[in-house]
Protein chains: 2
Amino acid sequence: MPDFTDDLKPSYDGTAILQAERDRSSISVHELSKHLLSRDGFLERQNRIVPILENEPLFNKRQQLNLSRPERYHLGLARAKALRRLVKKHGWDHEDHKMAEYLTDEMSPYHLHMSMFSTTVKEQGSEEQKKYWWPKIESYKMVGAYAQTEMGHGSNVQGLECQAKYDVKSKEFVIHSPYLTASKWWNGTLGRTATHAIVVAQLLLPDAGNNGAFLSQGPHPFIVQIRDMKTHMPLDGIVVGDIGPKYGYTSMDNGYMLFNNYRVPHDALLSRYAKVDPTTGTFRKEGHPAVVYGSLTNVRATIVMHARLVLARAVTISVRYTSIRRQFKDRDAPNDTAPEMAVLDYPTVQVRILPLLATTFALHYTGEAMYNLYNDTRASIDKGDFSSIAELHSLSSGLKSLCTTYAANGIETCRRAMGGHGFGGGSGLIGINNDYLSKPTVEGDNWMITQQVAAYLIKKMTSAVKDTSNAAEDPTDELFKLYLSDRDRKSSADIICDGEIANGAILEAFRWRAADLSYQAYHARVVQKKKWNSLLIQLHKLSNAYSEMILVQNFAKALQLSRLSPATAITMTHLFQLFSLHTIDADARSFTTTNAVTSSSLDALPNLILMLMAEKIRPHAVKLVDCWALPDYILDSALGRYDGKVYEDLYDRAHRRNPLNRTTFNVDWESDEIVLGSGDGGRHLLAKL
Amino acid sequence: MPDFTDDLKPSYDGTAILQAERDRSSISVHELSKHLLSRDGFLERQNRIVPILENEPLFNKRQQLNLSRPERYHLGLARAKALRRLVKKHGWDHEDHKMAEYLTDEMSPYHLHMSMFSTTVKEQGSEEQKKYWWPKIESYKMVGAYAQTEMGHGSNVQGLECQAKYDVKSKEFVIHSPYLTASKWWNGTLGRTATHAIVVAQLLLPDAGNNGAFLSQGPHPFIVQIRDMKTHMPLDGIVVGDIGPKYGYTSMDNGYMLFNNYRVPHDALLSRYAKVDPTTGTFRKEGHPAVVYGSLTNVRATIVMHARLVLARAVTISVRYTSIRRQFKDRDAPNDTAPEMAVLDYPTVQVRILPLLATTFALHYTGEAMYNLYNDTRASIDKGDFSSIAELHSLSSGLKSLCTTYAANGIETCRRAMGGHGFGGGSGLIGINNDYLSKPTVEGDNWMITQQVAAYLIKKMTSAVKDTSNAAEDPTDELFKLYLSDRDRKSSADIICDGEIANGAILEAFRWRAADLSYQAYHARVVQKKKWNSLLIQLHKLSNAYSEMILVQNFAKALQLSRLSPATAITMTHLFQLFSLHTIDADARSFTTTNAVTSSSLDALPNLILMLMAEKIRPHAVKLVDCWALPDYILDSALGRYDGKVYEDLYDRAHRRNPLNRTTFNVDWESDEIVLGSGDGGRHLLAKL
């Protein structure tokens, strides 16, 4: 319905402001986008698939925040199925499908089928098993889930309570949940969607020396049909369902599942590495399951690369919005006619958003390095050489922890920097925030897995201390030996000399700190023999310090190797400096106590950071976020629109889209009627409570 | 339907674990609860009202997370109305009503009527206006909203764009929204509920010396009817509605509103302090509106007290759950039969949760002090003495900023410390987190309002520098004069001597740091004449440092005065120490650069904090959260239940309550049917998109 607001304009023009921001920077968005997003044809793929999804009514996002959680699953399933049909229609490959899922920006109820279910069959199934299952998996004739985590155990996989006891007589495994806490829990795709599941259970085999008793061989994966293929009802002896509402993942049916002495055939055990003799029930390991760690590393590289795009979304939205948004005049402005300032021109806003902008690039180059390292290592693994896997896996734990923490915290930092509108649906951050908050926990809790890095570094330091030769077996070894040779040095790095930033000294400072903290941890654990648990906080800090070093090193190295045009390259160097100096400033004390940076340099940091932000990064901020090439379709944000029509879009969402505005209410408290004229005294509500 | 899971038990007993935790501590929960929660009969009131709400079907929270956002408003309105009827039925007073709203744990659509609308009429209406409006307000015959913030301006109230132009001829104000950004925005109760609103608009009056021109007298409040009392439809010339989904406040109808030359009578202007001559249109100020700042201070004391209860909820849930939850054996345990450890026994979990437990008490004592200070000041205000308001208001800005940041961040810290289950609806934190994330922005943005504290401290330091007399006019003045008399001291505080914590030295360190940072800010702004905006980050840190000092001082003072039994008192002292030392450790560098604490003390901090947590606080943690007396009704948390039945409750939510499990789906991607057997190819979804 037309009304007097139809022709109203905002009092200033966001489109013109963003255009002016773009005009004043010499960065080439095209060049930098290509530089950042060419791997596996990402950019081309995105450009191709966005318009297809935008044209499918089922994939419009206009009302998503107004749906109930059950409706969100309905929608998620409808979209998952429609995507499969689009795969067929457009002849998409697996990467295309993944791109479409990414753009849809919600977790597909098919997700676990596409990922952990199929990966596990591929990696842990015998040749025979793969031959049987693969065609069914590929055709989506079945839908698989991955049921490992239980109500009582997540991180501690060895503590899983679900049992698979081998019955020699019938040659079957009997899967059983002896406790409520043995219930499978959290497992995606399991709740309402899956027909099959990988069930990870304690493999219990007859104890040859002890008649009637059983011995556990630890947790192993079984492939199990859980629902009838026609009625989709759970099979007898299985209770399975969706666990209910969560912070995020509304479209995903995270599930629970319990078994009551449920029998599966001998070949349900995925037996590439673990074999049970059908007749005797004796156990035999075969091959080297370490290859699985290899693929976990790849998963973690993907997590880092995903973190950078998630963070880039929050940064894109907040940079665009705070460039447009005006609030308050400069307190020191000479006269009363001064215009209000752009919010991004306040240092208190810059210091929250711009270091995160720099972080997107830091994550990018380390993600790239992880992919490259994994591919190099993969070649060795394929040749049967697993020696580098331990290092790769340990280091990737620290990076997973640090990078997902950056992104999870960064979304909220960006949101708060946007003031009131940041809290509204028009921010475009609600969904991504709710979903992403899972990341610090899943795939290894961010506080727990840092122990793996620390344990690895303590081991390396122990050998470096013992080994007096000069030959270094890898970069960590080299770092530690250099450190040990110079441990009593009195000097620390002058990262700022006469107001100039010394990039080489920055690297040196991060390296020294990481080595020194490694030595301290080694000394506490190996020399002083302190209890592991008493060192956990120290070890967590060590892991972060080491991972920060990796981020800074990879950033610097990539800039050395890149062939960016001079104007772009100099800004990238400033981003490197901002990321590094801000990281040092945020943990200045650890750079002092490790004697890594001079006190005068630390004192100079705050002003240098202010200068870098205001003079070197701020003028290019809008173009730097443009480089991440995030389409409006995925941003789904009034505040972050490419064209700057912030207020027009906010108004559209409120005035034209909001279904609540179509109902008129009875606000008289003496009446129990809710919708005016309905005569319904809240019955429609009570029925749902 | 009964099934084999009905009789399953968790593999360990949460009830027994919590009982054992309670048995091993000598803290008197009864004593401490009374100590914390007696103001205004809080505890008695809570105990009386909880059972009433628990018995009302409309107030059960079992399905809240499964409702859509529009349904949440329906429910919110139904509850708001039902609460009014309960007020009548039980003869509740205003505090009872507020308690019931607090327990309901969602923002009532009536909320602004009860708060800002009625307060503004009371404080800014003339005697005549109050006489006319008050009976209508009290009886809820009308529902009022408070429409100040606009799409384009929130913090900068002077920049509001909505106009009220006085028409001398008709003796009416013409309210008009010249731009889209002039739209009222965010205003609670306005979207669907309100019949009336306070509209804050630029008061434009005829410019006597300039025929036909108007001059703005700045923003003023008008009381305006916006909807028809029978049809509840917006009146002609007004567009009003709900702005749509947000992070939180799902039950609240935050609104937008625009005016098209909408005429209101002369007496719509609330005229206690601002009068417009009806005939000439000339403006006259009357009285001292500073009293309004006084009530803002009271609002801020309430915010601090609310922050402590919000944080106490997150801490209660996480302490109970991590006391029960087991994961991993001790890595240094002598043998394989060691039990898994309680998660709260890991230092990496303690360091996240226990300082926040200490923070709840720190916030409490400062909230109490603010109430007391306000009441003392109130007496002066009532006598017409406004001299202390500036100080009170400035300091309350810093505390609002710091305390709401603590609570907002603390909820998420507690959630992450709970691992996977923290992400589920059973955490009980989803609603409170989503709602509370607004607090760092509303009632003064947390980064912006710290300027008020800093400006005040710079002013005070400037006079302290100039004034060479020894007489101090208030505590800040006293602090600054002491500091100035000793500014060149070489020593700093030894807060730890021979492993003992020196409480007096802790206070001294916080005081010295605050004074030194105040001096630095004074020097930069007043002596070096640096631009205000270039100092914003420094000023923000100053405000936080000063507010931390206030928290630490009030905590220490309250413990000195309290008559707690010895066992409880000693633990409270340990909580004071944990809060203080953790705060110092988290910003150790600022205690170094201000020369406030010795380097050896700072080095000793981490181990002392570990010791305090593990030995002094951990044994009492469960009882210390029990003291906050948060009923299960408000926690609404499986993880945080008083009786420890974590897993039973999680399972109940999933298996018995989740409506999604009542639907069976068609997961075959080649079919577009969603619900199995319905034949509906997603039409039910598309209609909602």
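All figures in this text were calculated on a predicted structure; none of them were measured in a lab.

Right, let's get into the overall build of chain A. A tally of helices and strands in chain A yields 23 helices and 13 strands. Taken over C-alpha atoms, the radius of gyration comes to 28 Å for chain A, in line with the 26 Å a tight globule of 689 residues would show. Judged by the C-alpha coordinates and their principal axes, chain A covers about 95 × 85 × 55 Å. Buried positions account for 61% of the 689 residues belonging to chain A. Intrachain contacts of chain A at a sequence separation of at least 6 include 74% that bridge at least 24 residues. Summed over its atoms, the accessible surface of chain A is roughly 26,200 Å², and 52% of this surface lies on carbon and sulfur atoms. Measuring between centres, the 79 positive side-chain charges of chain A sit 4 Å from its 77 negative side-chain charges.

Glancing now at the relation of the copies chain A and chain B. Overlaying chain A with chain B gives an RMSD of 0.0 Å, the required rotation being 180 degrees about an axis along which the chain moves by 0.0 Å. On the angle and the small slide along the axis, the relation comes out as a two-fold axis. Of the C-alpha atoms belonging to chain A, the one lying closest to the rotation axis is found on Ser68 of chain A, 1.9 Å away.

Turning our attention to the sheet that holds strand β4 (residues 184-187) of chain A. Residues and elements named next belong to chain A. The strand order across the open sheet built from three strands is β4-β8-β7, with neighbouring strands paired in antiparallel fashion. Across the chains shown, the open sheet's two edge strands, defined by having one partner strand only, are β4 and β7 (238-242). Each adjacent strand pair in this sheet contributes to an overall mean axis angle of 15 degrees, direction not counted. As paired strands, β7 and strand β8 (residues 255-259) are joined by five bridges and run antiparallel to one another. Across the sheet, residue Gly241 finds its bridge partner in β8, namely Tyr256.

A few words on the UniProt feature "active site" (unreviewed entry) in chain A. All names here are of chain A. Per the UniProt record, the feature "active site" (unreviewed entry) sits at Glu443. For Glu443, the position within the fold is in the loop between α12 (430-436) and α13 (450-466). Note on Glu443: relative accessible area 43%, which makes it partly exposed. In this structure, Glu443 is in contact with Val299, Arg300, Ile303, Lys400 and Ile449, ignoring residues within four places of it in sequence.

Let's shift gears to the interface of chain A and chain B. Facing the 155 residues of chain A at the interface are 155 residues of chain B. Of the roughly 13,500 Å² buried where chain A meets chain B, counting both sides, 62% is carbon and sulfur surface. Sorting the residues of chain A by area buried against chain B places Tyr247, Phe423 and Trp669 of chain A first, and these three jointly supply 7% of that buried surface. For the pair chain A and chain B, the interface holds eight salt bridges. The interface formed by chain A and chain B holds 76 residue pairs in polar contact (both at pLDDT 80 or more) in total. Here the side of chain A that touches chain B takes 12 residues from helix α4 (residues 69-90) of chain A, the largest share from any one element. Along the lines of polarity and charge, the residues of the side of chain A that touches chain B split into 66 nonpolar, 53 polar and 36 charged.

This part takes up the sheet that holds strand β8 (residues 255-259) of chain B. Backbone-to-backbone hydrogen bonds pair the strands of a sheet. The strands run either parallel or antiparallel. With respect to topology, three strands assemble into an open sheet ordered β4-β8-β7 (chain B), the strand pairing being antiparallel. In the strand order of this sheet, the two ends are held by β4 (184-187) and β7 (238-242) of chain B, each with one partner. Adjacent strand axes in the sheet meet at a mean angle of 15 degrees, parallel and antiparallel pairs treated alike. Sheet strands in contact with helix α22 (residues 646-657) of chain A are β4, β7 and β8 of chain B, and its direction is about 100 degrees off that of β8 of chain B.

Let us look at the environment of Thr193 of chain B. With respect to the element layout, Thr193 of chain B can be found in the loop between β4 and β5 (196-206). The class for Thr193 of chain B is buried, based on a relative accessible area of 0%. Once the C-alpha coordinates of Thr193 of chain B and Ser401 of chain B are considered, the two residues, 208 residues apart in sequence, prove to be 30 Å apart. Apart from the residues lying within four places of it in its own chain, the contact partners of Thr193 of chain B are Val667 of chain A together with Tyr73, Leu77, Pro109, Tyr110, Val143, Arg227, His232 and Asp253 of chain B. Here Tyr73 of chain B takes part through its side chain, which lies 2.7 Å from a polar atom of the side chain of Thr193 of chain B.

Most of β7 of chain B sits inside the fold, with five of its five residues counted as buried. Side chains of β7 of chain B alternate between two faces, with Ile238, Val240 and Asp242 of chain B and Val239 and Gly241 of chain B buried alike.

Residue and element names in this part refer to chain B. In the Ramachandran plot, Ala629 falls in the positive-phi region, its phi being about 55 degrees despite a non-glycine side chain. Here Ala629 is to be found in the loop between α20 (621-626) and α21 (632-635). In this structure, Asp636 takes a positive phi of about 45 degrees despite not being glycine.

As a further point, take the packing of aromatic side chains. Counted under the stated rule, the structure contains 42 aromatic pairs over all chains. Ring centres 5.8 Å apart and planes at 65 degrees place the aromatic pair Tyr249 of chain A and Phe423 of chain B in the edge-to-face group. Pair noted here: Tyr249 of chain A is in the loop between β7 and β8 and Phe423 of chain B is in the loop between α11 (419-422) and α12 (430-436), and the two residues belong to different chains. Accessibility assignment for this pair places Tyr249 of chain A and Phe423 of chain B in one class, buried. By way of ring pairs, the aromatic residues Trp186, Tyr247 and Tyr249 of chain A together with Phe423 of chain B are connected into one cluster. Taking the ring centre of Trp669 of chain B as reference, the NZ or CZ of Arg84 of chain A above it sits at 5.7 Å. The residue whose ring lies beneath Arg489 of chain A is Trp512 of chain A, and the NZ or CZ to ring-centre distance is 3.5 Å.

To continue, consider the domain arrangement of chain A. Residues and elements named next belong to chain A. Considered domain by domain, chain A is made up of domain 1 (115-287) and domain 2 (293-624). Placing a centre on the C-alpha atoms of domain 1 and another on those of domain 2 gives a separation of 39 Å. The interface is formed by five residues belonging to domain 1 together with eight residues belonging to domain 2. It is Ser155, Tyr247 and Tyr249 that lose the most area in domain 1 upon contact with domain 2, and together they represent 75% of the buried surface on that side. On inspection of domain 1 and its partner domain 2, the count reaches zero salt bridges. On the surface where domain 1 and domain 2 come into contact, there are three residue pairs in polar contact (both at pLDDT 80 or more). Split by residue class, the side of domain 1 that touches domain 2 holds two nonpolar, two polar and one charged.

Calculation criteria
Residues numbered from 1 in each chain as written. Chains lettered and ligands numbered in written order. Predicted model: local features only at pLDDT ≥ 70, side-chain atom pairs only at ≥ 80, totals over all residues. Heavy atoms only, no water. Helix = DSSP H or I, 4+ residues; strand = E, 2+ residues; numbered from the N terminus. Rg over C-alpha atoms; globule rule 2.2 N^0.38 Å. Buried < 20%, exposed > 50% of the residue type's maximum accessible area, 1.4 Å probe, protein only. Contact = heavy atoms within 4.5 Å. Areas by Shrake-Rupley, 256 points an atom, 1.4 Å probe, with all protein chains shown as cover. Lys, Arg positive; Asp, Glu negative; His and termini not counted. Charge placed at Lys NZ, Arg CZ, Asp CG, Glu CD. Least-squares fit on C-alpha atoms with pLDDT ≥ 70 in both. Pairing = 2+ DSSP bridges. Axes fitted to C-alpha atoms, helices over the stretch in contact; angles between N-to-C directions. UniProt positions renumbered as here; feature names shortened; annotations may be inferred. Buried area = accessible area lost by both parts, 1.4 Å probe. Salt bridge = Lys/Arg side-chain N within 4 Å of Asp/Glu carboxyl O. Polar contact = N/O pair within 3.5 Å; in protein donor to acceptor, adjacent residues only side chain to side chain. Nonpolar A, V, L, I, M, F, W, Y, C, P; charged D, E, K, R; others polar. Phe/Tyr/Trp six-rings, centres within 6.5 Å; stacked < 30°, edge-to-face > 60°. Lys NZ or Arg CZ within 6 Å of the ring centre and 35° of its normal. Domains from an automatic or database assignment.

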